[in-house]
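Structural overview for review
Each chain, letter by letter, is given below.
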Amino acid sequence: MSASREHVPDLPLVAAPSPGPVPFEDRSRLGCPSCGSSHVAQVLGDNGGVSYVCTACGHSWS
C-alpha cells in the first residue's frame, strides 16, 4: 500500500535560515548527510583542511 499524506505523522516545520552571519549554536549542529545523525566529529585532513566523520555510521565528508 502506498503512503499518502494522511499516513505521515505531523512534523514541525523548520524555518528557513535568515541571511547574514550564522549564529554559533547553528554552526555547531552538524548532521550526517548519509544517515542524518548529529553524532559528528570534526577532524583535520591530510592537507590541513577540515573534514567531518559521523560516529554513528562512519561516513566522512569535507
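Residues numbered from 1 in each chain as written. Predicted model: local features only at pLDDT ≥ 70, side-chain atom pairs only at ≥ 80, totals over all residues. Heavy atoms only, no water.

Brief notes about the overall build of the protein chain
Just so we agree on the cut-off: A helix here means a DSSP run of H or I that spans at least four residues, while a strand means a run of E at least two residues long, and both kinds are numbered starting from the N terminus. Whether a residue is buried, partly exposed or exposed follows from its accessible area with a 1.4 Å probe, protein chains only, as a fraction of its type maximum: under 20%, in between, or over 50%, in that order. By definition, residues are in contact when any of their heavy atoms lie within 4.5 Å. Note on areas: Shrake-Rupley with a 1.4 Å probe; residue coverage comes only from the protein chains shown.
Secondary structure assignment for the protein chain yields one helix and three strands. Residues counted as buried form 6% of the 62 residues belonging to the protein chain. Within the protein chain, counting contacts between residues at least 6 apart in sequence, those at least 24 apart form 13% of the total. Split by element, the accessible area of the protein chain, about 5500 Å² in all, is 56% carbon and sulfur.

Section: the environment of Tyr52
By the secondary structure assignment, Tyr52 is in strand β2 (residues 50-54). Measuring from C-alpha to C-alpha, the distance between Tyr52 and Gly31 comes to 9.8 Å, with 21 residues separating the pair along the chain. Contacts of Tyr52, omitting those with residues within four sequence positions, involve Leu30, Val40, Ala41, Gln42, Val43, His59, Ser60 and Trp61.

Some words on the side chain of Ser37
Cut-off, in case you're wondering: Polar contact is the term for a pair of N or O atoms within 3.5 Å; when the atoms are in protein, one must be able to donate a hydrogen and the other to accept it, and sequence-neighboring residues count only if both atoms are side-chain atoms.
Tracing the backbone through its elements, the reader meets Ser37 in the loop between α1 (24-27) and β1 (40-44). Looking at Ser37, the relative accessible area reads 12%, which means it is buried. There is a polar contact of 3.0 Å between the side chain of Ser37 and the backbone nitrogen of His39.

Describing the pairing of β2
Note the threshold: The rule for pairing is simple: two strands pair if DSSP sees at least two bridges between them.
Here β1 runs beside β2; their pairing, made up of five bridges, is antiparallel. In the strand pairing of β2, Val43 is matched with Ser51. Linkage of β1 to β2, two consecutive antiparallel strands, is achieved through a turn of five residues, within which Gly48 is found at a positive phi near 85 degrees. Two successive antiparallel strands, β2 and strand β3 (residues 60-61), enclose a turn made up of five residues, where Gly58 displays a positive phi of approximately 90 degrees.

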